[in-house]
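Chain by chain, the residues:
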Amino acid sequence: MEKTDSRYQSFVQILREELISAMGCTEPISLAYGAAKAREVLGKEPETVLVEASGNIIKNVKSVVVPNTDGLKGIEAAAAAGIVAGKPEKILEVIAEVSPEEKEAIRAYLKTHEIKVKPAEGDVVFDIILTMTAGEDTVTLRICDYHTHIVLIRKNDEVLLTGKRTTEAGAAAGLTDHGCLTVAGILDFIETMDVEDVRAMVERQITYNYAIAQEGMIHDYGANVGKVLKHHYGDDVKFRARYMAAAGSDARMNGCEMPVIIVSGSGNQGMTASVPVIEYAKELNVSHDTLIRAVTLSDLLAIHMKTGIGRLSAYCGAVCAGCAAGAAIAWLNGGDLRIISHTLVNALAIVSGMVCDGAKASCAAKIAASVDAGIMGWQMILNGQQFYDGEGIVTKGVENTINNVGRLGRLGMRETDREILRIMTGQPAVE
């Protein structure tokens with residue numbers, strides 16, 4: 001692919017927009033970012049706080065530890081952390097720097113102030129509306145569609161900012177249209193690209209994400225899925241790929257204060273797309289530039305598969321990233337477009353039923369299962385085995401199967417999403 005090809009520049013720009021640093025699970029961090037920004041506009045500590053959040057935000061914030069809060073969980077904790085200690089200019093690292101005194105102040109704020117939480121009205125999948133008051137002043141701030149997209153800031157009767165929002169997952173307002181992505185185009189790009197065009201972004205991903213995976217293997221976090229896998233399966237590379245990616249999630253979901261580079265708005269997806277590929281690159285002793293190409297391949301494939309689903313869904317996002325990692329591992333081992341395409345189809349056929357029931361410790365195990373499916377999908381085609389057109393959601397052609405997965409995650413699992421939320425919030429079943 002020539003640099004003059006419009007797709008080339010779009011691919012690079014998509015990576016710039018997607019590969020950003022975040023500390024902690026991105027939904028509570030997005031909420032903390034909004035709270036910090038709203039408090040900044042208010043100009044003083046709010047006396048009352050109302051958080052209106054869509055179901056997927058509630059689901060993904062409920063059970064995950066908010067970093068730098070000494071183990072606090074939930075929407076109230078994320079909002080309080082942003083109000084008391086947030087630095088909005090740091091965006092998704094908004095609470096990366098919190099002093100011991102500020103940690104105490106966060107707890108004190110929660111004890112002395114009621115932060116009301118209620119479901120957002122409407123059917124926007126990603127929606128956070130914060131309303132803060134202090135004296136006679138009121139600030140309302142809304143984040144829509146993705147984690148940093150502020151579409152409204154209003155102070156009293158004055159609208160300070162308005163932004164476009166969208167219902168199209170692949171062309172979110174302010175982001176490059178993902179419609180240019182195809183498996184063939186992505187492979188062409190990574191094999192012909194000037195590595196310098198992506199080096200800084202992808203090297204930072206490799207450094208950050210592998211570091212938190214190592215942290216998860218050293219210390220105890222959550223259910224220690226990574227350590228369990230290593231103990232029972234050993235150090236063969238196909239198991240290292242699983243347990244190192246899982247260990248990164250062990251740490252991240254359970255309060256580790258190290259940053260990660262996200263993909264499709266998710267740190268878990270960013271780690272899943274990169275860490276298994278790093279392990280195979282080490283095993284194969286490939287050049288550093290080859291590693292960068294392989295991780296870039298995995299990132300773009302993960303983004304491509306997730307685009308049709310949307311940022312948040314009942315469809316577990318780790319599935320896309322694990323399948324993408326399997327395809328990148330296939331490429332590192334000499335796989336061409338045919339092998340990569342069949343790897344993806346096989347892997348998607350295996351794990352596309354995995355649901356997202358919020359961010360929490362079990363995400364690490366889902367990552368391990370997704371990476372295993374990615375590797376299995378590759379090993380199947382190496383042995384001449386594949387899933388065929390008409391078998392379940394598989395349709396002839398990798399792009400058609402990816403489209404089916406998007407339809408499943410975006411449309412087919414809507415009611416699943418609602419039922420998961422009802423279960424998580426203790427509501428009765430709707431017969």
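Structural notes, computed from the coordinates. Remember, predicted model here, so these are calculated numbers, not experimental data.

**Some details on the overall build of the protein chain**
And then number 1: Broken down by element type, the protein chain carries 16 helices and eight strands.
And then number 2: For 431 residues, the compact-globule estimate of 2.2 N^0.38 gives 22 Å, and the C-alpha radius of gyration of the protein chain, at 21 Å, lies within 12% of that figure.
And then number 3: The buried share among the 431 residues of the protein chain stands at 58%.
And then number 4: In the protein chain, of all internal contacts separated by at least 6 residues, the share reaching a separation of at least 24 is 74%.
And then number 5: As displayed, the protein chain offers around 16,900 Å² of accessible surface, 49% of which is attributable to carbon and sulfur atoms.
And then number 6: The positive charge centre, built from 42 side chains, and the negative charge centre, built from 54, are 2 Å apart in the protein chain.

**Quick look at the pattern of salt bridges**
And then number 1: This model, assessed by the stated rule, comprises 24 salt bridges.
And then number 2: With a shortest N-O distance of 3.2 Å, Lys238 and Asp236 are connected by a salt bridge.
And then number 3: Within the structure, one salt-bridge network assembled from shared partners comprises Glu196, Arg199, Glu203 and Asp289.

**A closer look at helix 8 (residues 225–233)**
And then number 1: Here helix 8 has its buried residues at Val225, Gly226 and Leu229. Along the long axis of helix 8, the arc covered by the buried residues comes to 100 degrees, so they all point the same way.
And then number 2: Downstream of helix 8 by one or two residues, Gly234 has phi in the positive range, about 90 degrees.

**Points about helix 4 (residues 75–85)**
And then number 1: The buried fraction of helix 4 amounts to nine of the eleven residues, a majority that puts the element mostly inside the structure.
And then number 2: Along helix 4, the residues classified as buried are Ile75, Ala77, Ala78, Ala79, Ala80, Ala81, Gly82, Ile83 and Ala85.
And then number 3: Residues of helix 4 that are buried make contact with helix 2 (26–42), strand 2 (48–53), helix 3 (55–61), helix 5 (100–112), strand 3 (115–119) and strand 4 (127–134).

**Remarks on the packing of aromatic side chains**
The geometry of an aromatic ring pair is captured by two quantities: the separation of the ring centres and the angle between the planes.
And then number 1: Tallied over the full model, the rule gives four aromatic pairs.
And then number 2: Consider the rings of Tyr233 and Phe239, whose centres lie 5.1 Å apart with planes at 40 degrees: the pair is tilted.
And then number 3: Every member of this aromatic cluster is reached through a ring pair, and the members are Tyr8, Phe11 and Phe189.
And then number 4: The ring of Tyr233 carries the charged tip of Arg242 above its face, separated from the ring centre by 5.1 Å.

**Looking at the packing of helix 9 (residues 237–253) against helix 10 (residues 267–284)**
And then number 1: At a minimum axis distance of 8 Å, the contact between helix 9 and helix 10 shows a crossing angle of 145 degrees. Once helix 9 is placed against helix 10, the crossing between them reads as right-handed. Each of Val237, Lys238, Arg240, Ala241, Met244, Ala245, Gly248, Ser249, Arg252 and Met253 in helix 9 lies in contact with helix 10, whose residues at this interface are Gly267, Asn268, Met271, Val275, Pro276, Glu279, Tyr280 and Glu283.
And then number 2: For the contact of helix 9 with helix 10, the per-class residue count stands at nine nonpolar, four polar and five charged.

**Considering the pairing of strand 4**
And then number 1: The element strand 4 is extensively covered by neighbouring structure, given that seven of its eight residues are classed as buried.
And then number 2: Pairing geometry for strand 2 and strand 4, over six bridges, is antiparallel. By the bridge assignment, Thr48 is partnered in strand 4 with Thr133.
And then number 3: Pairing analysis gives eight bridges linking strand 4 to strand 5 (residues 137–144), with the strands arranged antiparallel. Looking at the pairing, Leu130 lines up with Leu141 of strand 5.

**Points about the side chain of Asn224**
And then number 1: Following the sequence through the fold, Asn224 ends up in the loop between helix 7 (199–218) and helix 8.
And then number 2: Judged by its relative accessible area of 16%, Asn224 is buried.
And then number 3: Residues in contact with Asn224, not counting those within four places in the same chain, are His219 and Asp250.

**Topic: the nonpolar core**
And then number 1: Within the largest apolar cluster, 143 residues are counted, with the highest numbers of intra-cluster contacts made by Leu31, Phe189, Leu301, Met305, Ile340 and Leu344.
And then number 2: For this core, the leading source of residues is helix 12 (residues 317–332), giving 13 residues.
And then number 3: Excluding residues that lie within four positions of it along the chain, Phe189 makes contacts with Met1, Tyr8, Phe11, Val12, Leu15, Val198, Thr296 and Leu300.

**A look at the environment of Glu93**
And then number 1: With respect to the helices and strands, the residue Glu93 is situated in the loop between helix 4 and helix 5.
And then number 2: The exposure class assigned to Glu93 is partly exposed, which follows from its relative accessible area of 24%.
And then number 3: Taking the C-alpha atoms as reference points, Glu93 and Met23, 70 residues apart in sequence, are found 5.3 Å from one another.

**Side note on unusual backbone geometry**
And then number 1: Located in the positive-phi region is Asn68, a residue other than glycine, with phi close to 60 degrees.
And then number 2: Note on placement: Asn68 falls in the loop between helix 3 and helix 4.
And then number 3: Residue class for Asn68 comes out buried when judged on its relative accessible area of 5%.
And then number 4: Positioned with a positive phi, Ser264 is a non-glycine residue whose angle comes to about 55 degrees.
And then number 5: Position of Ser264 relative to the elements: it lies in the loop between strand 8 (259–261) and helix 10.
And then number 6: Taking the relative accessible area as the measure of exposure, Ser264 reaches 6% and is therefore buried.

**Describing the sheet that holds strand 2**
And then number 1: Strand order in the open sheet made by the six strands is 3-2-4-5-6-7, with mixed pairing throughout. The strands lining the two open edges of the sheet, one partner per strand, are strand 3 and strand 7 (158–162). Pairs of neighbouring strands in the sheet enclose a mean axial angle of 10 degrees, with direction left out of account.

Definitions and limits used
Residues numbered from 1 in each chain as written. Predicted model: local features only at pLDDT ≥ 70, side-chain atom pairs only at ≥ 80, totals over all residues. Heavy atoms only, no water. Helix = DSSP H or I, 4+ residues; strand = E, 2+ residues; numbered from the N terminus. Rg over C-alpha atoms; globule rule 2.2 N^0.38 Å. Buried < 20%, exposed > 50% of the residue type's maximum accessible area, 1.4 Å probe, protein only. Contact = heavy atoms within 4.5 Å. Areas by Shrake-Rupley, 256 points an atom, 1.4 Å probe, with all protein chains shown as cover. Lys, Arg positive; Asp, Glu negative; His and termini not counted. Charge placed at Lys NZ, Arg CZ, Asp CG, Glu CD. Salt bridge = Lys/Arg side-chain N within 4 Å of Asp/Glu carboxyl O. Arc of directions from axis to C-beta. Phe/Tyr/Trp six-rings, centres within 6.5 Å; stacked < 30°, edge-to-face > 60°. Lys NZ or Arg CZ within 6 Å of the ring centre and 35° of its normal. Axes fitted to C-alpha atoms, helices over the stretch in contact; angles between N-to-C directions. Left-handed = near helix turned anticlockwise from the far one by under 90°. Nonpolar A, V, L, I, M, F, W, Y, C, P; charged D, E, K, R; others polar. Pairing = 2+ DSSP bridges. Core = buried A, V, L, I, M, F, W, Y, C linked by side-chain atoms within 4.5 Å.

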